[in-house]
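Descriptive structure summary
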Amino acid sequence: MCGIIGYTGYARAMPVIIDGLRKLEHRGYDSAGIAIYREGELEINKKEGPLANLLADLEDNPDSCMGIGHTRWATHGVPSDKNAHPHTDCKGRIALVHNGIIENYASLRKELILEGHDFISETDTEVAAHLIEKFYRGSLETAVRKTVSYLQGSFALAVISRDDPRTIVAAKKGSSLVIGLGEGENYVTSDIPAILERASQLYILEDNEIAVITPDKVSITDFGGNPVEKEIFEVDLEPIAVEKGGYDHFMLKEIHEQPAAIRKTLQGWIKDGRVDLSALEFDEAFKNTRKIYIVACGTAYHAGMVGRLAIEKLARIPVETDIASEFRYRDILWHPDDLMIVISQSGETGDTLAALREAKRRGIKVLAVTNAVGSAAAREADRVIYTHAGPEIAVASTKAYSTQLVVMYLIALYLAEIKQNYDSEEISGLVNNMFYLDAMVEQVLKEQDKIKNLAEKYRDVESTFFLGRGIDYAVAMEGALKLKETSYIHAEAYPAGEIKHGPIALIDDGVPVLALISQDHLVDKAMSNIKEVKARGAVVVAICKENLQENCQECDEQILLPQVNPILAPVVSVVPLQIFAYYMALFRGNNVDTPRNLTKSVTVE
Ligand code: M6R
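Criteria and thresholds
- Residues numbered from 1 in each chain as written.
- Predicted model: local features only at pLDDT ≥ 70, side-chain atom pairs only at ≥ 80, totals over all residues.
- Heavy atoms only, no water.
- Helix = DSSP H or I, 4+ residues; strand = E, 2+ residues; numbered from the N terminus.
- Rg over C-alpha atoms; globule rule 2.2 N^0.38 Å.
- Buried < 20%, exposed > 50% of the residue type's maximum accessible area, 1.4 Å probe, protein only.
- Contact = heavy atoms within 4.5 Å.
- Areas by Shrake-Rupley, 256 points an atom, 1.4 Å probe, with all protein chains shown as cover.
- Lys, Arg positive; Asp, Glu negative; His and termini not counted.
- Charge placed at Lys NZ, Arg CZ, Asp CG, Glu CD.
- Near = heavy atom within 4 Å.
- Polar contact = N/O pair within 3.5 Å; in protein donor to acceptor, adjacent residues only side chain to side chain.
- Nonpolar A, V, L, I, M, F, W, Y, C, P; charged D, E, K, R; others polar.
- Domains from an automatic or database assignment.
- Phe/Tyr/Trp six-rings, centres within 6.5 Å; stacked < 30°, edge-to-face > 60°.
- Lys NZ or Arg CZ within 6 Å of the ring centre and 35° of its normal.
- Pairing = 2+ DSSP bridges.
- Arc of directions from axis to C-beta.
- Axes fitted to C-alpha atoms, helices over the stretch in contact; angles between N-to-C directions.
- Core = buried A, V, L, I, M, F, W, Y, C linked by side-chain atoms within 4.5 Å.
- Buried area = accessible area lost by both parts, 1.4 Å probe.

Scanning the protein for helices and strands turns up 19 helices and 26 strands. The globule rule puts the C-alpha radius of gyration for 605 residues at 25 Å, and the 25 Å found for the protein is close to it. The principal-axis extents of the C-alpha atoms in the protein amount to approximately 75 × 55 × 45 Å. With 605 residues in all, the protein has 60% of them scored as buried. In the protein, the share of contacts with a sequence separation of at least 24, taken over all contacts with a separation of at least 6, comes to 71%. If you sum the accessible surface of the protein, you get close to 23100 Å²; carbon and sulfur atoms cover 45% of it. Counting 64 positive and 88 negative side-chain charges, the protein places the centres of these two groups 3 Å from one another.

Following this line, the structure appears as structure tokens:
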């Protein structure tokens, strides 16, 4: 969602904040802003639109050593200069940036207006600035502490005052906030990668904590004022790669990084031809598992759909896959031997974290699958398996998905052994096949030009369908999501056998249908459904395995996949869909890496 960066030290603040904002832009790109302390004043610049708009007019401030910055994904109030953060109090004494949602802002705003405060923006955030003003008696920390006791909802706040050239006060409840520790300088941010090149030692704030950050000291207390002793969290991560490495867009670069990411994610988990997750020290929970809930959002949810089918097939454990925002409002029939698996690239998705917390509250064990070291999901779950996709910058997720799939297969294969519910030949065959996934993805990447031509042909269509049966349907869901996000074309995924129950009414002459055909045992059934849509004028692009090519002769186009084991097929069959979505966006002149209305990390409910 919104990105936060703050710096206090003895060096120039502006370059640090700008660099941080560049690394945070994928979190929110409808506006950006900076507040810098200078000679007893707070200089504020904010601009609607991408970060480049702000940077175009920004003059460096060589004297300033403290400031805060923000990239916004609008929740309350349209993207505009005045709604951009930082927000200030009536006198311009206090400036703050915020991530999250202040749920009771409307009543607070009403009261503050009655008390004489002037509001400039339509945001929920501005109430926090005016509350701090109301409670300010010379101590920013005290005023922030008092303020947070009035706020409902979620917030990560970084606040500065023109009365103090050195101090940032940060407060957290619900939304992430991390403090980077330097020598004679300290940082605050919503995202570790924004400061990683500068600070690898961190304090990770927990809910209901306030930090007072100066260049030489960080002191942390809880909202009640009690001191909190923090352990330093060391991050061992490659600094974020902001270069596109010769590619025009991060999305294409990340699609091509998949073979390496798959190899890295597999590393260390397969020994002597067997998946071995014993290093997690979670065997007891795995053994006792009666039922699994896989909970996630968006692309991660689609990886969970595949995970469900793999676990049920291989380990014979019942699995439910749930969209996190729905899960938390279901009346779950919890059992102490249930296991929850949350999947999240960012590890910060609000809905997913809420589900995780609910499970923990019920005493249920949680295993997190995430790409973000030190993220809330990684910290709060009982155990974590990292996907080693590396930083994913493009908002449309690609390499995170394929590595999430790899982890889901590792879990399914390990559970199969632990539960002793397995056909050992099938399991060792699959384990062996996992080592070829990277090469198979490489092979599909070679089809890029062919897929590009298809995108050029269909660039102006208004509607598309993605069909599949079984595990192919899960991939169809991901393909449709990718196309929607990047091209803004209506894309609907359906189980191929279900389309005749209604949606087939939408099929007309020339409507493209992308059909996933990788399941040998379902190919005839899938082809019957394809004939049904062809008979109504659809043009069908088959994404099919080489050995099923003959069966797909009647399709208008074919993209061939290597002969992958049907369970593992999603890792390979998603690749043409990712490339298709990329080129459709490109040909339609869209912002490929930062599509409209989206953000990389959705931290609000
Ligand atoms: O960080 P997460 O994996 O929890 O994010 C979940 C979704 O917001 C995310 O997958 C979203 O759907 C992507 N934009 C898909 O490309």
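What follows picks up the thread again.
A few words on the site of the ligand. The local shell around the ligand holds 15 residues, among which Ser344, Gln345, Ser346, Thr349 and Glu485 are the closest. At 2.4 Å, a side-chain N or O of Thr349 approaches an oxygen atom of the ligand. Glu485 places a polar side-chain atom, nitrogen or oxygen, 2.5 Å from a nitrogen atom of the ligand. When isolated, the ligand has an accessible area of 410 Å², and the protein chains bury 91% of it. Grouping the amino acids of the shell around the ligand by side-chain chemistry returns six nonpolar, seven polar and two charged. Both domains that meet at the shell around the ligand, namely domain 2 (246-435) and domain 3 (441-588), each give it at least three residues.

This structure, assessed with the given rule, holds 10 aromatic pairs. An aromatic cluster is built from Phe282, Phe286 and Tyr414, whose rings are joined through pairwise contacts. Of note, Arg596 hangs over the ring of Tyr488, and the distance from its end group to the ring centre comes to 3.9 Å.

Attention now goes to the pairing of strand β2 (residues 31-38). Counted residue by residue, β2 has seven buried out of eight residues, so it is predominantly covered. In this structure, β2 lies alongside strand β3 (residues 41-48), joined through eight bridges in antiparallel fashion. Counted as the bridge partner of Ala32 is Lys47 from β3. The pairing of β2 with strand β4 (residues 66-72) spans six bridges and is classified as antiparallel. Bridge assignment links Gly33 to a residue of β4, and that residue is His70.

Moving on: helix α16 (residues 448-458). Burial in α16 covers these residues: Gln448, Ile451, Leu454, Ala455 and Tyr458. Viewed end-on, α16 has its buried residues packed into an arc of 120°, placing them on one side of the element. Projecting away from the buried face of α16 at angles above 90 degrees are the exposed residues Asp449 and Lys457. Close packing links the buried residues of α16 with α6 (250-256), α15 (437-445), β24 (512-517), β25 (539-545), β26 (557-561) and α19 (569-587).

Examined against the element boundaries, Asp338 turns out to sit in strand β19 (residues 338-344). Its relative accessible area of 2% is what places Asp338 among the buried residues. A polar contact of 3.1 Å, which involves the side chain of Asp338, links it to the side chain of Arg290. Among the polar contacts made by the side chain of Asp338, one reaches the main-chain amide nitrogen of His335 at a distance of 2.8 Å. Residues within four places of Asp338 in sequence aside, it is in contact with Arg290, Lys291, Tyr293, Leu333, Ile364 and Lys365.

Glancing now at unusual backbone geometry. A cis geometry characterises the amide bond from His85 onward to Pro86, with omega recorded as 0°. Within the fold, Pro86 resides in the loop between β4 and β5 (87-88). At Asn208, a position not held by glycine, the phi torsion is positive, near 65°. Mapped onto the secondary structure, Asn208 falls in the loop between β11 (201-204) and β12 (209-213). Of note, Asn597 is a non-glycine position whose phi angle comes to about 70°, a positive value. The residue Asn597 is located in the segment after α19 in this model.

Spatially, the six strands line up as an open sheet ordered β5-β6-β7-β8-β12-β13, and their pairing is antiparallel. The two strands at the open ends of the sheet, each matched to only one other strand, are β5 and β13 (218-222). Relative to strand β8 (residues 168-173), strand β7 (residues 153-161) runs antiparallel, the two being bridged by five bridges. Directly across from Ala158, in β8, lies its bridge partner Ala170. Contacts from helix α5 (residues 140-148) reach β6 (94-102), β7, β8, β12 and β13, with the element oriented near 160° to β7.

Moving on: the nonpolar core. Burial of nonpolar side chains together is a common tendency in soluble globular proteins. Core analysis: the largest hydrophobic core is formed by 100 residues, its most contacted members being Leu277, Phe286, Ile311, Ile341, Ile411 and Met434. The residue makeup of this core includes at least three contributed by each of domain 2 (246-435) and domain 3 (441-588). Beyond its immediate chain neighbours, meaning those up to four positions away, Met434 contacts Leu266, Ile270, Val406, Tyr409, Leu410, Leu413 and Leu568.

Here the protein is partitioned into domain 1 (3-241), domain 2 (246-435) and domain 3 (441-588). Centre-to-centre separation of domain 1 and domain 2, based on C-alpha positions: 33 Å. Contacts between the two partners involve 14 residues from domain 1, matched on the other side by 13 residues from domain 2. Together, the buried faces of domain 1 and domain 2 total about 1000 Å²; carbon and sulfur atoms form 55% of this surface. Our enumeration of links across domain 1 and domain 2 arrives at one residue pair in polar contact (both at pLDDT 80 or more). The residue inventory of the side of domain 1 that touches domain 2, partitioned by class, reads nine nonpolar, three polar and two charged.

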